[in-house]
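So you can see what is in the structure, the chains are spelled out below.
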Amino acid sequence: MGKSEELFARALERIPGGVNSPVRAFGSVGLTPRFIQRADRQRIYDVDGRSYVDYVGSWGPMILGHNHPAVLEAVERAVKDGLSFGAATQQEVEMAELICSMAPSVEMVRMVNSGTEAVMSAIRAARGYTGRDQVIKFAGCYHGHSDGMLVKAGSGVMTAGIPDSAGVPAACAQDTLTATYNDLESVERLFIEHPNSIAALVVEPLAANMGVVPPKEGFLPGLRSLCDQYGAVLIFDEVITGFRLAPGGAQERYGVLADLTTFGKIIGAGMPVGAYGGRGEIMRLISPSGPVYQAGTLSGNPVAMAAGLAQLRWLKSHPEVYTHLEQLGDRLWKGLRRAAPENVVTEEGSLGCMFFSGDPVVDYTSAKRSDTARFARYFKFLLEQGIYLAPSQFEAIFLSDAHTEADIDYFIQEVSLWEEQDQNGAPLGCLNKTV
Ligand code: HOZ
């Protein structure tokens, strides 16, 4: 038994499911999790001495790779000044100014501690602004684990095949209306049925929690018009796409502006951070300037702000990072299509994924058609060859500026090898190879 297995056995005794977040459990791929000891640039290292090229990047925030010198240096400096004050700081003002300068529709912003908190708070702001209760979300989009958002959610709940979480009061779930991603008619129907009671429509502008599902042409502008027509607040959940698809996120890339936007871990460069922001008219309703209450002792934590400021400043002043991410993405997505032509590769910039189904993937229903047993075999093979993907069909491959063309070519080569073996029903490669 390796050290990871030993730790997992111990963890199962004291932590539900042995993990602190379900997608880490490797349950859907029939394995036990690798316990990670350290990371550097594009690689992570487990407690058994194995190393992997990391395509999870802490689920997105490590866009510059692990241990970027500018981020590390900023954190080291901040730590010496104290870990938390629960008081106003200069860094959080600078962070708010920086976010507003990068995210096109954000005039004011409030820091929180996670993407879940950001979405929960943005929805409360939208309800306070409109005086309405109902919210539209899309099947397969994931907006964290607050009560109202656990309806046909993506990510871990989709991986576990849980359509609606236990423990969510019916009263909370009944204010959540579910539409079909990439299907404007399904949205319009809901607005027609509930013309005066929808406070907000929340959407991942590029869905990245049911695998990666890009918006069809016209979908996001259509959502913008419907929200304007019916007086609902358009919330873009950019926890995954923010500062990644472009310096101004999906809104810059697709040219559609939201009223409110939620951000997550990428702002903290790996530290626990989230934020929500948008039009001043709505954000001024947040306490203490308005009646919508939302608070947090650790919000705007100085060490997290130092890390995030360093990362966002780097991204803002180094546009070549985005060029590199596009080039790496282009190379990988094209290569995967060549290596496994009968599958579907969906992608946008530095985010993508492979579905094991021949049909186009445009929404929750088509995403769920993927052969997850095949995904599990692909995942296991790649893990054994030192390539670390998210252990679920319904998560994205995240590229970072620290990845190299050689990493990408290795990935493609191994997928080619796996594909050949899997098609021929041959045994998988050697177990536990250290790369
Ligand atoms: N759900 C997020 C990724 N799609 C974060 C991973 C997690 O839940 O731990």
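Scroll up a little and you will see the structure.
It should be emphasised that the depicted structure is a prediction, and the values quoted were computed from it without experimental measurement.

(A) Region of the structure containing the overall build of the protein chain. Helix and strand content of the protein chain: 15 helices and 14 strands. In terms of overall dimensions, the protein chain is globule-like: its C-alpha atoms have a radius of gyration of 21 Å, near the 22 Å expected for 435 residues. Counting only C-alpha atoms, the protein chain reaches 60 × 55 × 45 Å along its principal axes. Burial statistics for the protein chain: of 435 residues in total, 56% are counted as buried. Carbon and sulfur atoms provide 52% of the accessible area of the protein chain, an area that totals close to 17600 Å².

(B) Highlighting the site of the ligand. Taken together, Ser21, Val23, Trp59, Tyr142, Ser155, Asn209, Lys265 and Glu395 make up the full set of residues near the ligand. Residue Ser21 places a side-chain N or O atom 2.6 Å away from an oxygen atom belonging to the ligand. Note that a nitrogen atom of the ligand is positioned 2.4 Å from one of the side-chain N or O atoms of Asn209. Protein coverage of the free-state accessible area of the ligand, which is 280 Å², stands at 87%.

(C) Seen up close, the side chain of Glu204. Within the secondary structure layout, Glu204 lies in the loop between strand 7 (198-203) and helix 8 (219-230). As a buried residue without a salt bridge, Glu204 has its nearest oppositely charged side chain in Lys137, at a separation of 7.5 Å. Apart from the residues within four sequence positions on either side, Glu204 is in contact with Gly140, Cys141, Tyr142, His143, Tyr181, Asn209 and Asp237.

(D) Just helix 11 (residues 302-317), in detail. Taking 1.5 Å per residue as the helical rise, helix 11 with its 16 residues ought to reach 22 Å, and the 22 Å between its terminal C-alpha atoms agrees with that figure. Across the 16 residues of helix 11, 12 count as buried, placing the element largely inside the fold. Considered for burial, the residues of helix 11 that qualify are Pro302, Val303, Ala304, Met305, Ala306, Ala307, Gly308, Leu309, Ala310, Gln311, Leu312 and Leu315. Contacts from the buried residues of helix 11 go to helix 2 (69-80), helix 3 (90-102), strand 4 (108-112) and helix 12 (320-339). Sitting at the amino-terminal end of helix 11 is Asn301, which places a side-chain oxygen 3.0 Å from the backbone nitrogen of Val303.

(E) Broad picture of the pairing of strand 3 (residues 51-54). Here strand 3 shows no split at all, with Ser51 and Val53 on one side and Tyr52 and Asp54 on the other all buried. Where strand 2 (residues 43-46) folds back onto strand 3 in an antiparallel hairpin, the turn is made up of four residues, including Gly49, whose phi is positive at roughly 85°. In the sheet, strand 3 pairs with strand 13 (residues 387-388) via two bridges, with the strands oriented parallel. The residue bridging Val53 from the neighbouring strand is Ile387, located in strand 13.

(F) Broad picture of the environment of Leu220. With respect to the secondary-structure elements, Leu220 resides in helix 8. Along the sequence, Leu220 and Val203 sit 17 residues apart, while their C-alpha atoms lie 9.2 Å from each other. Leu220 has contacts with Pro205, Pro215, Phe236, Tyr254 and Val256, leaving out every residue within four places of it along the chain.

(G) Seen up close, the packing of helix 2 against helix 11. Look at helix 2 against helix 11: their axes get within 8 Å of each other, and the N-to-C directions meet at 155°. In terms of orientation, helix 2 and helix 11 fall into the roughly antiparallel class. Considering how the two elements wind past one another, helix 2 and helix 11 form a crossing that is right-handed. For the pair helix 2 and helix 11, contact is made by Ala70, Val71, Ala74, Val75, Ala78 and Val79 and by Pro302, Val303, Ala306, Ala307, Ala310, Gln311 and Trp314, respectively.

(H) Molecular detail of the packing of helix 14 (residues 372-384) against helix 15 (residues 405-424). Running from N to C, helix 14 and helix 15 point in directions that differ by 130°, and their axes come no closer than 10 Å. Taken together, the axes of helix 14 and helix 15 are oblique relative to one another. The chirality of how helix 14 crosses helix 15 is right-handed. Mapping the contact onto sequence places Arg374, Arg377, Tyr378, Phe381 and Leu382 in helix 14 and Phe411, Glu414, Val415, Leu417, Trp418, Glu419, Gln421, Asp422 and Gln423 in helix 15. Taken together, the residues of the contact of helix 14 with helix 15 break down into seven nonpolar, two polar and five charged.

(I) Here's a closer look at the nonpolar core. Among the nonpolar cores identified, the biggest contains 61 residues, and Ile99, Phe243, Ile267, Tyr378, Ile397 and Phe411 are the most heavily contacted of them. If you list the elements that add at least two residues to this core, you get strand 3, helix 3, strand 4, helix 11, helix 12, helix 14, strand 13 and helix 15. Looking at this core, the element that brings in the most residues is helix 12, giving eight residues. Residue contacts for Ile267: discarding those within four places in its chain leaves Met95, Ile99, Met111, Phe243, Val273, Ala275, Ala304, Gly308 and Leu312.

(J) Focus on the pattern of salt bridges. Under the definition given, this model contains 19 salt bridges. Two residues, Arg50 and Asp48, come together in a salt bridge whose shortest N-O distance is 3.3 Å. Among the salt bridges present, the one from Asp259 reaches Arg224, with a minimum N-O distance of 3.0 Å. A residue pair is termed long-range when its members are at least 10 positions apart, and Asp259 in the loop between helix 9 (249-254) and strand 9 (260-263) and Arg224 in helix 8 qualify at 35 residues. Residues Asp259 and Arg224 agree in their burial class; the two are buried.

(K) The sheet that holds strand 3, seen in detail. In space, the four strands of this open sheet follow the order 1-2-3-13, with mixed pairing throughout. Edge strands, defined here as strands with exactly one partner in the open sheet, are strand 1 (36-40) and strand 13. As judged from the three bridges shared by strand 2 and strand 3, these two strands associate in the antiparallel manner. Paired with Tyr45 across the strands is Ser51, a residue of strand 3.

What counts as what
Residues numbered from 1 in each chain as written. Predicted model: local features only at pLDDT ≥ 70, side-chain atom pairs only at ≥ 80, totals over all residues. Heavy atoms only, no water. Helix = DSSP H or I, 4+ residues; strand = E, 2+ residues; numbered from the N terminus. Rg over C-alpha atoms; globule rule 2.2 N^0.38 Å. Buried < 20%, exposed > 50% of the residue type's maximum accessible area, 1.4 Å probe, protein only. Areas by Shrake-Rupley, 256 points an atom, 1.4 Å probe, with all protein chains shown as cover. Near = heavy atom within 4 Å. Polar contact = N/O pair within 3.5 Å; in protein donor to acceptor, adjacent residues only side chain to side chain. Lys, Arg positive; Asp, Glu negative; His and termini not counted. Salt bridge = Lys/Arg side-chain N within 4 Å of Asp/Glu carboxyl O. Contact = heavy atoms within 4.5 Å. Expected span 1.5 Å × (residues − 1). Pairing = 2+ DSSP bridges. Axes fitted to C-alpha atoms, helices over the stretch in contact; angles between N-to-C directions. Parallel < 35°, antiparallel > 145°, perpendicular 65-115°, else oblique. Left-handed = near helix turned anticlockwise from the far one by under 90°. Nonpolar A, V, L, I, M, F, W, Y, C, P; charged D, E, K, R; others polar. Core = buried A, V, L, I, M, F, W, Y, C linked by side-chain atoms within 4.5 Å.

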